[in-house]
There are 4 protein chains.
Amino acid sequence: MSLRVTVWNEYRHERENDYVARVYPQGIHQAIAQGLRAHGLRAVRTATLDTPEHGLSQEVLDGTDVLIWWGHKAHTEVGDPVVERVHQRVLAGMGLIVLHSGHHSKIFRRLMGTTCSLRWREADEKERIWVVMPGHPIAQGLGPYFEIPEAEMYGEHFDIPQPDELVFVSWFEGGNVFRSGCCFYRGHGKIFYFRPGHETYPIYHREDVRQVIANAVRWAAPTPGPAFPYLQGAIHETDPLEPLPEKHPGRTRVG
Amino acid sequence: MSLRVTVWNEYRHERENDYVARVYPQGIHQAIAQGLRAHGLRAVRTATLDTPEHGLSQEVLDGTDVLIWWGHKAHTEVGDPVVERVHQRVLAGMGLIVLHSGHHSKIFRRLMGTTCSLRWREADEKERIWVVMPGHPIAQGLGPYFEIPEAEMYGEHFDIPQPDELVFVSWFEGGNVFRSGCCFYRGHGKIFYFRPGHETYPIYHREDVRQVIANAVRWAAPTPGPAFPYLQGAIHETDPLEPLPEKHPGRTRVG
Amino acid sequence: MSLRVTVWNEYRHERENDYVARVYPQGIHQAIAQGLRAHGLRAVRTATLDTPEHGLSQEVLDGTDVLIWWGHKAHTEVGDPVVERVHQRVLAGMGLIVLHSGHHSKIFRRLMGTTCSLRWREADEKERIWVVMPGHPIAQGLGPYFEIPEAEMYGEHFDIPQPDELVFVSWFEGGNVFRSGCCFYRGHGKIFYFRPGHETYPIYHREDVRQVIANAVRWAAPTPGPAFPYLQGAIHETDPLEPLPEKHPGRTRVG
Amino acid sequence: MSLRVTVWNEYRHERENDYVARVYPQGIHQAIAQGLRAHGLRAVRTATLDTPEHGLSQEVLDGTDVLIWWGHKAHTEVGDPVVERVHQRVLAGMGLIVLHSGHHSKIFRRLMGTTCSLRWREADEKERIWVVMPGHPIAQGLGPYFEIPEAEMYGEHFDIPQPDELVFVSWFEGGNVFRSGCCFYRGHGKIFYFRPGHETYPIYHREDVRQVIANAVRWAAPTPGPAFPYLQGAIHETDPLEPLPEKHPGRTRVG
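Residues numbered from 1 in each chain as written. Chains lettered and ligands numbered in written order. Predicted model: local features only at pLDDT ≥ 70, side-chain atom pairs only at ≥ 80, totals over all residues. Heavy atoms only, no water.

**With respect to the interface of chain A and chain B**
Opposite the 63 residues of chain A that make contact, chain B presents 63 residues. Summed over both partners, the interface of chain A with chain B comes to about 5,300 Å²; 52% of that surface belongs to carbon and sulfur atoms. Where chain A packs against chain B, one counts two salt bridges. Put simply, B:K247 and A:E173 hold a salt bridge, and the shortest N to O gap is 2.7 Å. Between the two partners, chain A and chain B, sit 20 residue pairs in polar contact (both at pLDDT 80 or more). Elements supplying a minimum of two residues to the side of chain A that touches chain B: helix 2 (18-23), helix 5 (80-91), helix 6 (106-112), strand 5 (119-131), strand 6 (145-155), strand 8 (177-186) and strand 10 (236-237) of chain A. Here the element with the most residues in the side of chain A that touches chain B is strand 5 of chain A; it accounts for eight residues. A breakdown of the residues in the side of chain A that touches chain B according to their chemical character gives 22 nonpolar, 21 polar and 20 charged. Pairing between strand 10 of chain A and strand 5 (residues 119-131) of chain B: two bridges, direction parallel. Residue A:E237 lies in a different strand from strand 5 of chain B, and its bridge partner there is B:W120. (Contact = heavy atoms within 4.5 Å. Buried area = accessible area lost by both parts, 1.4 Å probe. Salt bridge = Lys/Arg side-chain N within 4 Å of Asp/Glu carboxyl O. Polar contact = N/O pair within 3.5 Å; in protein donor to acceptor, adjacent residues only side chain to side chain. Helix = DSSP H or I, 4+ residues; strand = E, 2+ residues; numbered from the N terminus. Nonpolar A, V, L, I, M, F, W, Y, C, P; charged D, E, K, R; others polar. Pairing = 2+ DSSP bridges.)

Next up, the structure:
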């Protein structure tokens, strides 16, 4: 069966700003979806903030293998019940690709447990993205680096947990570096943070960026192992697997 | 200057249950504090749930280098503002040692981003704690393993991020295993989760357990590097460090 | 194209010992190959120690995507040029699955940089293999644990680098634990160490073990990213990617 | 007791090249030793290649807590028995700090299991070293970054295992990035690779570089846990810790 991908986009800049609208006439979500389809992913749909439940009903999430997240200026408008729902789905196995300014989204911060803050600068500067883990599936099809001629800068310190796998590191013209491609395992889910992308640059039309996002979707696909019994915080009392003699017969358990 | 340690304890079981009161007549916090003092830590104080601000005012936290956390049945009674305050302090560099049932505390779950759930069983069974990273500072002074004759069982799958350093793995008589000693770096802070300890067993009176907790306190001590500018979620606009030509003179910035 | 797998076996015990010959009449390599074919891998061949170049000519290795390694009592008889050749191929991207007593093979020790030693005991004891990373592709199709009724014991401390991903931890009847399923990224290659298997037990006929090995083969498959330019220790002088003013015109370079 | 540090230097460039001799009149080893003493380390001695056993007799190594390694053009002249001896000592707990061109030394490559190759360029370019793990002890006393006005460039891909802790990432004027400060745990030993330093630049006279090396020495100090029983590749047969019934009485063991 095809991997089922949902591309979520805040979709405000494109509707409110003429410049951005020219870069992404159909919205960032459609540009990303198009790139995924061009890379052979057939079951791709989109969802946006200003629709009921932000387009992320339980049904939609249950039918999503990998969710892609782009948000920027309206992070706080994402309802907590939806964030909670996405969180649970990731822990239960749904892949999550967080793009660019999504670093500061509620869902990414909740999954990381840190501020996810960083340095930034918007100065049309060159970014060169180096592959530091060339055997990783997310680096498939790339050369040793690729360049984005004009980008918003994100710089260290990026306040995240150490990634389980660090795939990319960015060089910026203005003198900064950034861990640009970061893999995290959380619960049964796989999460990939990918830095490039800003509403004022045509970055999601680029072939290299589309390649990475398609690679990441395939890497983050659920791989059904043991069931995940822990949703809603339930813990799990369990019988012994080996014979256990009763050590204090008659003692009332108090714990 | 001495490391300043605060031992926090829920302190309910000991006051409500005679059996527990006999095991920890002065409370779990005092048993732990005593162990730390015996290991040369001189600036140790305690704090408990049923006091103003749970004993964790901003002033107390600002004067704490490493916080130890024991909670069990009243996790939900810990006020969110205090959890937020502890979270911020950890990200800013305060060490945090989470013990046993603290795995399910608000603060640990928030820092981990996962459910932190696990399998458990209370059956007075033997636990053998193996050192799997013998060169780690937290294993200092130990042999290849140590045994706790009767313990509550915690078993895998333990729903945490992969630890940055896995120091201990437990064997249980009833057939389970558990990652018992887990190091995490978050923000500027260092976190150690240590499994042993339950209100009905005299585990915090044991020399091996005290050794580990004292080691962990020293490992988790703040090591002041660059300032942490990201509290309250602030992000950080930053000037270029290299000359950056203006690429589109006259274009109005829209981002 | 099908993944091309080569199963390498020392193939001595089976030819020299009647008991082992009854457990693996066609050799451990054939039992493993059979399991892989049953899991849909079609291009599986075998190679053994007592053939020219141990069956691992450059041509064979160049035509191998994932190599499986089983050795035990003749590690020292594996020729250094073959070890060197395998090492280079792994760094260049070939997957490597090291089984059981292969922990002490020349190739695994060379890739790890440590002694790869461990505690062991042969006492027909029960092993219960717990999944500690249930969302990992290598855990696909498994339950929370599986059991091997009689096994040789391997116990911690296992002297390896911390794995990049720890998938399994074993419980043993005799009181030991072991990190049984360990993923490592090295160069462009992916390595999986999997503990179960001993010549006197029919472990490679088991469905759960076969599932894991098939999963591991798929996980370790090469994912062609940037070329790997570093074989034979060559380093790589490189031109600047940005304009670099000459800082000391006329100074002779001495480095 | 004071930490006992040995600074090892190839010590050829300084004796063979006038330019280098002016930068390091007493050799790179003395410059480093001086920096350590200025940071309060009192038991610092040096050793060099062209002395008996390269100055690294068993006795010297046994009396060394942390070894610092600088080599460049004579890696192949370091005798294999000495490399073996250093390897064993690291696995048994001695700290190792590998500097700059030491990335290609026999000892570092053996410990890593990879080629340890990289891109390089000698063009007097600016390096800015960013702290990406600001709570790490090795970042103690630093700001968010520090700059070296002229340096040899090392660039990714750096063919090493993923570090257990990545502390620094470098930005280079010519467009490259590099993982400049990398922690590894191997056996009982702790290893830190630190990029800066080249014989033609006065880098080891810099206060920031000295601070990092002193921090690294303290981080890499041995922390005596369980004994390390595995030298010379010995493996370790071990008795059961729990009662084990004999399962096949009378069967002769064949393994």
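Next, the rest of the story.
**Points about the side chain of C:E165**
Structurally, C:E165 can be placed in strand 7 (residues 165-172). Within the buried set, C:E165 has no salt-bridge partner at all; the shortest N-O distance to an opposite charge, 9.3 Å, is to A:K190. A polar contact is formed between the side chain of C:E165 and the side chain of A:Y185, at a distance of 3.0 Å. Within polar-contact distance, the side chain of C:E165 engages the side chain of C:H136 at 2.5 Å. Among all residues touching C:E165, those that are not within four sequence positions of it are A:E165, A:Y185, B:Q162, C:M133, C:H136, C:G181, C:C182, C:C183, C:Y185 and C:W219. (Buried < 20%, exposed > 50% of the residue type's maximum accessible area, 1.4 Å probe, protein only. Lys, Arg positive; Asp, Glu negative; His and termini not counted.)

**Here we look at the packing of aromatic side chains**
According to the stated counting rule, one finds 58 aromatic pairs over all chains in the structure shown. With 6.5 Å between their ring centres and 70° between their planes, B:F168 and B:F192 make a pair best called edge-to-face. In this pair, B:F168 is assigned in strand 7 (residues 165-172) and B:F192 in strand 9 (residues 189-194), connecting sequence segments 24 residues apart. With a centroid separation of 6.3 Å and an interplanar angle of 70°, the aromatic rings of C:F108 and C:F184 are classed as edge-to-face. Of this pair, C:F108 sits in helix 6 (residues 106-112) while C:F184 sits in strand 8 (residues 177-186); the two residues are 76 residues apart in sequence, bridging distant segments of the chain. This pair shows no difference in class: C:F108 is buried, exactly as C:F184 is. Across from the ring centre of A:Y11, 5.2 Å away, lies the NZ or CZ of A:R15, which sits over that ring. One residue, A:R195, lies across the ring of A:Y154, its end atom 5.0 Å from the ring centre. (Phe/Tyr/Trp six-rings, centres within 6.5 Å; stacked < 30°, edge-to-face > 60°. Lys NZ or Arg CZ within 6 Å of the ring centre and 35° of its normal.)

**What to know about the packing of helix 3 (residues 28-38) of chain C against helix 7 (residues 207-220) of chain C**
Residue and element names in this part refer to chain C. Two numbers describe how helix 3 lies on helix 7: the axes approach to 9 Å, and their chain directions differ by 75°. Taken together, the axis directions place helix 3 and helix 7 in an arrangement best described as roughly perpendicular. Where helix 3 abuts helix 7, its residues A31, Q34, G35 and L36 lie against R210, I213, A214 and V217. Residue composition of the contact of helix 3 with helix 7, by class: five nonpolar, two polar and one charged. (Axes fitted to C-alpha atoms, helices over the stretch in contact; angles between N-to-C directions. Parallel < 35°, antiparallel > 145°, perpendicular 65-115°, else oblique.)

**What about the interface of chain C and chain D?**
Facing the 63 residues of chain C at the interface are 63 residues of chain D. Surface buried jointly by chain C and chain D totals about 5,300 Å² across both partners, of which 52% is contributed by carbon and sulfur atoms. Put simply, chain C and chain D have two salt bridges between them. Applying the counting rule to chain C against chain D returns 21 residue pairs in polar contact (both at pLDDT 80 or more). If you list the elements that add at least two residues to the side of chain C that touches chain D, you get helix 2 (18-23), helix 5 (80-91), helix 6, strand 5 (119-131), strand 6 (145-155), strand 8 and strand 10 (236-237) of chain C. In terms of residue count, strand 5 of chain C provides more of the side of chain C that touches chain D than any other element does, eight residues in total. In terms of residue class, the side of chain C that touches chain D is built from 22 nonpolar, 21 polar and 20 charged.

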